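Working through the structure, step by step
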Amino acid sequence: MYMTEERTLRSDTGVAVTPPLHSGQAAAQPVGGAVEAAQARTGLKCPMCGNDIDGDADYCESCHRYVNFEVCSFCGTSMGAEEMYCHECGNPRGGIVCPMCNTLNDFSFCKVCGTPLTDEARALAESLKGLPDYQLMEGLSRELESLDMEESYRNEQDVIRCRENEKLRERVLMLLGRDKGNVNGNVDGNVDGNGRKMRSVEELRQTKEEKIRLLTEALERMAVPAVPSPVKARNYAMAQKPMGVKVAWVCNWKRAIHSSPCGCGKPHLGGKWVILGGEK
């Protein structure tokens with residue numbers, strides 16, 4: 001596997017353009033440019049940079065641009081070369097600017113922050129929330145994010161400090177318990193100043209590795225299978241992207257590691273999210 005990168009494109013300023021249909025959308029490409037791009041694509045050359053591309057690839061991994069101007073990059077509907085906006089979803093050829101990070105995107109989810117940018121994308125993301133593996137993935141992602149912020153004790157001095165915090169907390173809880181007629185206020189384990197249990201460096205590492213293992217298994221089960229439409233495959237993969245943890249997309253085409261399926265020329269061949277970090 002090898003790494004591949006994506007560029008974050010920004011919309012140009014100071015140019016007169018046709019007003020977009022929706023807020024946050026960028027201007028569409030000129031019709032003539034779309035015609036030339038569609039013609040150039042039939043020659044298995046990228047219409048933007050001239051590098052070779054596969055015939056069924058809709059994205060150039062050399063110049064990081066969407067190249068299939070016969071298909072809407074947001075919903076997968078066929079488009080005529082003269083159409084500046086998709087007649088099905090209303091989105092422009094020129095892309096949509098993410099309202100969260102100001103990145104210009106060719107696809108329904110922001111390639112940088114993962115924000116759904118279209119109505120279809122928002123509906124798809126919402127529909128996945130009811131799946132058991134998606135719920136498991138969300139829970140494990142939150143736990144890993146919390147573990148990354150957790151303190152650990154590294155030496156005897158840290159242990160002594162934790163025990164002092166524990167004794168202080170026990171005393172406070174005991175006093176509060178007496179006010180309610182309950183003298184029990186025991187606390188198990190070492191705690192930090194905020195009352196959170198502390199673990200050794202090794203215990204914390206083992207806990208993280210176990211969470212990563214469980215999350216990896218969930219992502220394996222949620223792997224995107226081969227489907228006919230690159231657009232649909234890309235949208236489905238982005239809708240199930242884990243948040244709060246560092247991830248990458250491994251495609252089945254080249255076994256390449258992308259920052260997301262938005263950087264893959266053939267996401268319809270399938271792929272999966274993988275966790276970055278841990279021992280493996």
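Up top you'll find the structure we're talking about.
Residues numbered from 1 in each chain as written. Predicted model: local features only at pLDDT ≥ 70, side-chain atom pairs only at ≥ 80, totals over all residues. Heavy atoms only, no water.

Attention now moves to the nonpolar core. If you look at the biggest cluster of nonpolar residues, it comprises 32 residues, and the most contacted ones within it are L215, W249, W273 and I275. For this core, the secondary-structure elements that each account for two or more residues are α2 (119–128), α3 (132–148), α5 (201–221), α6 (230–239), β7 (247–251) and β9 (271–275). For I275, the contacting residues outside a window of four places in its chain are I212, L215, T216, L219, V245, K246 and V247. C72, C98, C110 and L117 belong to the second largest nonpolar core, which has 9 residues in total. (Core = buried A, V, L, I, M, F, W, Y, C linked by side-chain atoms within 4.5 Å. Buried < 20%, exposed > 50% of the residue type's maximum accessible area, 1.4 Å probe, protein only. Helix = DSSP H or I, 4+ residues; strand = E, 2+ residues; numbered from the N terminus. Contact = heavy atoms within 4.5 Å.)

Look at α5: 31 Å from first C-alpha to last across 21 residues, which is about the 30 Å you get at 1.5 Å a residue. Looking at α5, one finds that the buried residues are L204, T207, I212, L215, A218 and L219. In an axial view of α5, the angular spread of the buried residues amounts to 135°, which keeps them on one side of the axis. (Expected span 1.5 Å × (residues − 1). Arc of directions from axis to C-beta.)

Let us look at the sheet that holds β7. If you walk across this open sheet you meet the 3 strands as β8-β7-β9, and the pairing is antiparallel. Lying at the two open borders of the sheet, with one neighbouring strand each, are β8 (257–258) and β9. Where β7 lies against β8, 2 bridges are found, and the strand directions are antiparallel. From the neighbouring strand, W249 faces β8, where its bridge partner is H258. (Pairing = 2+ DSSP bridges.)

Now for a nonpolar patch on the surface. A cluster of nonpolar side chains, namely L168, V172 and L176, defines an oily patch on the protein surface of about 270 Å² accessible area. Along the chain, the position of L176 falls in helix α4 (residues 156–179). Residue classification places L176 among the partly exposed positions, given a relative accessible area of 47%. (Patch = residues over 30% accessible without salt bridge, like charges linked within 9 Å, V, L, I, M, F, W, Y side chains within 5 Å. Areas by Shrake-Rupley, 256 points an atom, 1.4 Å probe, with all protein chains shown as cover. Salt bridge = Lys/Arg side-chain N within 4 Å of Asp/Glu carboxyl O.)

Using the criterion set out here, one finds 15 salt bridges in the structure. A salt bridge links R234 to D58, with the nearest nitrogen and oxygen atoms 2.9 Å apart. Of this pair, R234 sits in helix α6 while D58 is found in the loop between α1 (31–41) and β1 (59–60), placing the two residues 176 residues apart along the sequence. The residues R234 and D58 share a single accessibility class, namely buried. Its salt-bridge partner being R205, residue E202 comes within 2.5 Å of it at the nearest N-O pair. With E202 and R205 both in helix α5 and 3 residues apart, this pair spans about one turn of that helix.

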